[in-house]
Amino acid sequence: MSPGEISICAIAGFFVLGIILGPVAIVCGWLAMGRTWSGGSRAWPALVAFVLGAIDTLLAIIWLVGAATPGSGLF
């Protein structure tokens, strides 16, 4: 996957399946940074994917914890 495709995965995590796409974006962004970090400006999409993946994962965990609290259901 190219860093641009990884960024798309991280952005899609904001809308659907953040708990799955967030960690995927973190791992792929981290691996892409290792390959392109010395390349200069090519590392920015990988860094963006890493940060957005972390935000996706954090928001998904907060949402899951909030959904699991008592009183959040119909009754």
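So, how was this worked out
Residues numbered from 1 in each chain as written. Predicted model: local features only at pLDDT ≥ 70, side-chain atom pairs only at ≥ 80, totals over all residues. Heavy atoms only, no water. Helix = DSSP H or I, 4+ residues; strand = E, 2+ residues; numbered from the N terminus. Contact = heavy atoms within 4.5 Å. Areas by Shrake-Rupley, 256 points an atom, 1.4 Å probe, with all protein chains shown as cover. Phe/Tyr/Trp six-rings, centres within 6.5 Å; stacked < 30°, edge-to-face > 60°. Buried < 20%, exposed > 50% of the residue type's maximum accessible area, 1.4 Å probe, protein only. Expected span 1.5 Å × (residues − 1).

## Remarks on the overall build of the protein chain
Item 1. Helix and strand counts for the protein chain come out as three helices and zero strands.
Item 2. When the helices and strands of the protein chain are read in sequence order from the N terminus, they spell out α-α-α.
Item 3. Within the protein chain, counting contacts between residues at least 6 apart in sequence, those at least 24 apart form 66% of the total.
Item 4. As displayed, the protein chain has an accessible area near 5,000 Å², and 78% of this comes from carbon and sulfur atoms.

## Structural notes on the packing of aromatic side chains
Item 1. Evaluated as defined, the whole model comprises one aromatic pair.
Item 2. Ring centres of Trp30 and Phe50 lie 5.7 Å apart, and the angle between their planes is 45 degrees; on these two criteria the pair is classed as tilted. With Trp30 in helix H2 (residues 18-36) and Phe50 in helix H3 (residues 44-67), the pair connects residues that are 20 residues apart, well separated along the chain.
Item 3. Overall, the relative accessible area of 55% leaves Trp30 in the exposed class.

## A closer look at the environment of Ala25
Item 1. Its place among the elements puts Ala25 in helix H2.
Item 2. Residue classification places Ala25 among the buried residues on the basis of a relative accessible area of 0%.
Item 3. As for Ala25 and Thr57, which are separated by 32 residues in sequence, their C-alpha atoms are 9.4 Å apart.

## A closer look at the side chain of Thr57
Item 1. Tracing the chain through its elements places Thr57 in helix H3.
Item 2. Apart from residues lying up to four places away in sequence, Thr57 is in contact with Gly18, Gly22, Pro23 and Ile26.

## Let's talk about the environment of Leu58
Item 1. Inspection of the secondary structure puts Leu58 in helix H3.
Item 2. The class of Leu58 is exposed, set by a relative accessible area of 52%.
Item 3. C-alpha separation for the pair Leu58 and Gly22, spaced 36 residues apart in sequence, amounts to 8.4 Å.

## A closer look at H3
Item 1. For H3, with 24 residues, the first-to-last C-alpha span of 34 Å sits near the 34 Å given by 1.5 Å per residue.
Item 2. Considered for burial, the residues of H3 that qualify are Ala46, Ala49, Leu52, Gly53, Asp56, Thr57 and Ala60.

## Quick look at the environment of Val48
Item 1. Tracing the sequence through the fold places Val48 in helix H3.
Item 2. Here the alpha-carbon distance between Val48 and Ile11, two residues 37 residues apart in the chain, equals 9.7 Å.

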